[in-house]
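Residue strings, one per chain:
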Amino acid sequence: FESSYDTIAQFIGAPSRKNIILYRNATEAINSVMYSLMTEFKDGDNVVTTFMEHNSNYVPWYGLCKEILPRFNINVECRIAKFNKETGELDLDHLKSLVDQKTKLVCCTGASNFLGTKNPIKKIKEITDASGYVQPNGEKRSYLLIDGAQVVPNIFVDVRSLGVDFLAWSFHKMLAPFGVGALYAREELL
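Residues numbered from 1 in each chain as written. Predicted model: local features only at pLDDT ≥ 70, side-chain atom pairs only at ≥ 80, totals over all residues. Heavy atoms only, no water.

## A word on the overall build of the protein
Along the backbone of the protein there are six helices and seven strands. From first element to last, N terminus to C terminus, the protein shows the α and β order α-β-α-β-α-β-α-β-α-β-α-β-β. Whereas a compact globule of 190 residues would reach a radius of gyration of roughly 16 Å, the protein reaches 16 Å, a difference of no more than 12%. Along the first, second and third principal axes, the C-alpha set of the protein runs to 45 × 40 × 30 Å. For the protein, buried positions account for 50% of its 190 residues. Pairs at least 24 apart in sequence give 65% of the contacts found in the protein among residues at least 6 apart. (Helix = DSSP H or I, 4+ residues; strand = E, 2+ residues; numbered from the N terminus. Rg over C-alpha atoms; globule rule 2.2 N^0.38 Å. Buried < 20%, exposed > 50% of the residue type's maximum accessible area, 1.4 Å probe, protein only. Contact = heavy atoms within 4.5 Å.)

## Focus on the sheet that holds strand 2 (residues 46-50)
With mixed pairing, the seven strands of this open sheet are ordered in space as 1-7-6-5-4-2-3. What marks the edges here is a single partner per strand, and that holds for strand 1 (20-23) and strand 3 (77-81). Mean inter-strand twist for the sheet, computed between neighbouring axes without regard to direction, equals 20°. Of the pairings in the sheet, the one linking strand 5 (residues 143-147) to strand 6 (residues 166-170) comprises three bridges and is parallel in character. When the sheet's bridge partners are listed, Ile146 is paired in strand 6 with Leu167. Against the sheet, helix 2 (residues 26-37) touches strand 1, strand 4 (103-109), strand 5, strand 6 and strand 7 (181-185), its axis set at about 155° to strand 6. The sheet contacts of helix 3 (residues 59-68) involve strand 2, strand 3, strand 4 and strand 5, and relative to strand 3 the element is tilted by about 145°. (Pairing = 2+ DSSP bridges. Axes fitted to C-alpha atoms, helices over the stretch in contact; angles between N-to-C directions.)

## Considerations on the nonpolar core
If you look at the biggest cluster of nonpolar residues, it comprises 33 residues, and the most contacted ones within it are Ile12, Val164, Leu167, Trp169 and Tyr184. Counting residues per element, the ones that place at least two in this core are helix 1 (2-12), helix 4 (92-98), strand 4, helix 5 (121-129), strand 5, helix 6 (159-162), strand 6 and strand 7. Setting aside chain neighbours within four positions, we find Leu167 in contact with Ile12, Ile146, Gly148, Val152, Val157, Val159, Ala182, Leu183 and Tyr184. (Core = buried A, V, L, I, M, F, W, Y, C linked by side-chain atoms within 4.5 Å.)

## Details of the environment of Val180
With respect to the element layout, Val180 can be found in the loop between strand 6 and strand 7. What makes Val180 partly exposed here is its relative accessible area of 27%. With 158 residues separating them in the primary sequence, Val180 and Leu22 have C-alpha atoms 6.7 Å apart.

## Remarks on the pairing of strand 5
Here strand 5 lies mainly inside the structure; five of its five residues are buried. Between the parallel elements strand 4 and strand 5, the chain passes through helix 5 in a crossover that is right-handed. (Right-handed = clockwise from strand over helix to strand, strands pointing away.)

## Here's the deal with the environment of Leu90
Note that Leu90 resides in the loop between strand 3 and helix 4. For the pair Leu90 and Ala29, spaced 61 residues apart in sequence, the C-alpha separation works out to 24 Å. Beyond its immediate sequence surroundings of up to four residues, Leu90 is in contact with Thr50, Met52, Ala81, Lys82, Phe83, Leu95, Asn119 and Ile124.

## Re the side chain of Lys104
In this structure, Lys104 sits in strand 4. Reaching out from Lys104, the side chain makes a polar contact with the side chain of Glu40 at a distance of 2.8 Å. Other than its neighbours up to four places away in sequence, Lys104 contacts Leu37, Glu40, Phe41, Asp45, Asn46, Tyr133, Gln135, Pro136, Ser142 and Tyr143. (Polar contact = N/O pair within 3.5 Å; in protein donor to acceptor, adjacent residues only side chain to side chain.)

## Describing the pattern of salt bridges
Inspection of the entire model under this criterion finds 13 salt bridges. Between Asp129 and Arg141 there is a salt bridge whose closest N-O contact spans 3.8 Å. In this pair, Asp129 sits in helix 5 while Arg141 sits in the loop between helix 5 and strand 5, placing the two residues 12 residues apart along the sequence. When its relative accessible area of 34% is taken as the criterion, Asp129 is described as partly exposed. With a closest N to O distance of 2.6 Å, Asp165 and Arg186 form a salt bridge. With Asp165 in the loop between helix 6 and strand 6 and Arg186 in the segment after strand 7, the pair connects residues that are 21 residues apart, well separated along the chain. Considered together, Asp165 and Arg186 belong to a single accessibility category, that of buried residues. Among the charged side chains, a network of salt bridges with common partners joins Lys125, Asp129, Glu139, Arg141, Asp165, Arg186 and Glu188. (Salt bridge = Lys/Arg side-chain N within 4 Å of Asp/Glu carboxyl O.)

Printed below as a string of structure tokens:
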């Protein structure tokens, strides 16, 4: 059982099993990131996501900003990046315009489940790195969460090369049984 974590880590290029957590599905994995970061948000922060998202990577952030944090008098904006309706490509200029020094997290799909578009994760990472947001550990950049449900089963993924902070995916998209999702996270964020 324990060695399965090593196999999963190797499959996505993670440093070790300490970077992997198993859940029931990708939705639960993304929700766990939302809940784990919830107490770190400050009044005036924002989350940036896209109009390309599966509900699993939109609803938690919308709910956090519109329903959960306001109950604690913390106002966090949910910003949504557009995509080109003709090509299905993410509008990187619009995304870049939404990310600023108050952007704690950028969360987007690696590949859209309804458009089939593969997003340029490395370019998105450059945008998050340039935000200047001061994280609790002193890093000056936004965190990046990738919904990899459509990416991990279909494209070679190396999380170290991509530099993502969080990557969630489901095993059933890889012809495995339902009921297993995975989350990669940088060890210091777990």
